[in-house]
Every structure is written in C-alpha cells, then in structure tokens.
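# Per-entry structural report
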Amino acid sequence: MRISIPPTWRTRVDRYRLKATRCRDCGRTGYPPSELCRFCGSRNTETVELIDERAKLITWTVIYNAMDGFEERRPVIIGILETLHHKTRILAPLTDVLPEELRSGMEMEPVLRRITEEGESGLINYGIAYRPVLKKVEQ
Ligand SMILES: [Zn+2]
C-alpha cells in the first residue's frame, strides 16, 4: 500500500514558524514567503519568521456555515492581522475569542492549533491561529 504525503506535511515547518520574505531593497515583508519580493519584484530577499511577533487585528469575517470537517469549530472567524514589528499582513483563523469580543486594533498572538483531522487516516493538521493577548486587569 502506498501512502501519499499531503502537501500540508511537506510545508509544515514553514507554516508553523510563519516564515515570510523580507526584501532588502524596499524593506517590506510579505507573507506567505515567495522567491521575489511581492512589492517591488526584487530577488534581494531574506527569510524571516513571524512566529514570535504579536499582531494587531485589522478586520475579520465570521463564517457560521463552516465547511465539512469544521462543524465543531463554528463559527469560524478569519482575520486579517498586521504584525507589530515587520508590519506584515497575515490572513489567519482567530481562536479563543467570540465574534462580539473582537475589536479592530486589538493585540493578538500566534498559537498552534489543530485545524482538521482527516477521517480514518487519523492524520491531524495543525496550523497557526491568532488569539487575543490577555491583559491583566488593573484593580
Ligand atoms: Zn521589495
């Protein structure tokens, strides 16, 4: 029996570290990583990781009618965030938060979350999601 390895497995390291491409010419950082700078087309780029960076929430959308395999996670919230240091836009699911708690500009941090489990194979896909940074309440 031949087992095919899904693309998610081959790219897992990059996805878990949130690797991105920083351009040495224009200084901007694009995610996901690419060979050329997506802003100016330069090949003078380097790889950076965004996994340790917090991000601010720009906007989001709430999906109540989630696709198969995501039923238990309804509603699914997908956000657009901008990392605080590299100022990179990232499209990612949001977690540990209710839609009514979301505010644009709120600070969030990346966490590793189980995204799907593929039936009988038991293969579990993990991915990065963002959750609100918990702030201590002053008394
Ligand atoms: Zn560039």
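First things first, this report covers the structure right here in the doc. (Residues numbered from 1 in each chain as written. Predicted model: local features only at pLDDT ≥ 70, side-chain atom pairs only at ≥ 80, totals over all residues. Heavy atoms only, no water.)

## Quick look at the environment of Pro-32
Here Pro-32 lies in the loop between strand 2 (29–30) and strand 3 (45–49). Overall, Pro-32 belongs to the partly exposed group, its relative accessible area being 45%. C-alpha of Pro-32 to C-alpha of Lys-19: the two residues are 13 residues apart in sequence and 6.8 Å apart in space. Setting aside its immediate chain neighbours within four residues, Pro-32 contacts Lys-19 and Arg-38. (Helix = DSSP H or I, 4+ residues; strand = E, 2+ residues; numbered from the N terminus. Buried < 20%, exposed > 50% of the residue type's maximum accessible area, 1.4 Å probe, protein only. Contact = heavy atoms within 4.5 Å.)

## With respect to the coordination of the zinc ion
Surrounding the zinc ion are the protein donor atoms Cys-23 (SG), Cys-26 (SG), Cys-37 (SG) and Cys-40 (SG), at 2.3 to 2.4 Å. Taken together, the 4 donor atoms coordinating the zinc ion and their angles of 105 to 120 degrees define a geometry best described as tetrahedral. Counting gaps between the donor residues of the zinc ion yields the pattern C-x2-C-x10-C-x2-C. On the basis of relative accessibility, which here comes to 34%, the residue Cys-26 falls in the partly exposed class. (Donors = N, O, S within 2.8 Å, 3.2 Å for Na, K, Ca; no water. Tetrahedral: all angles 85-135°; square planar, octahedral: opposite > 155°, others 65-115°.)

## Description of the sheet that holds strand 1 (residues 19–23)
Here 3 strands make up an open sheet; going across it, the order is 2-1-3 and the pairing antiparallel. Sheet topology places strand 2 and strand 3 at the edges, where each strand pairs with a single neighbour. (Pairing = 2+ DSSP bridges.)

## A closer look at the pattern of salt bridges
Across all of its chains, the model carries 9 salt bridges by this definition. Note that Arg-89 and Glu-82 form a salt bridge whose closest N and O atoms lie 3.4 Å from each other. Its relative accessible area of 47% is what places Arg-89 among the partly exposed residues. You can call Glu-82 buried: its relative accessible area is 17%. With its nearest N and O atoms 2.9 Å apart, the salt bridge here joins Arg-131 to Glu-109. (Salt bridge = Lys/Arg side-chain N within 4 Å of Asp/Glu carboxyl O.)

It is worth stressing that arrangement in space is one thing and function is another; only the former is reported here.
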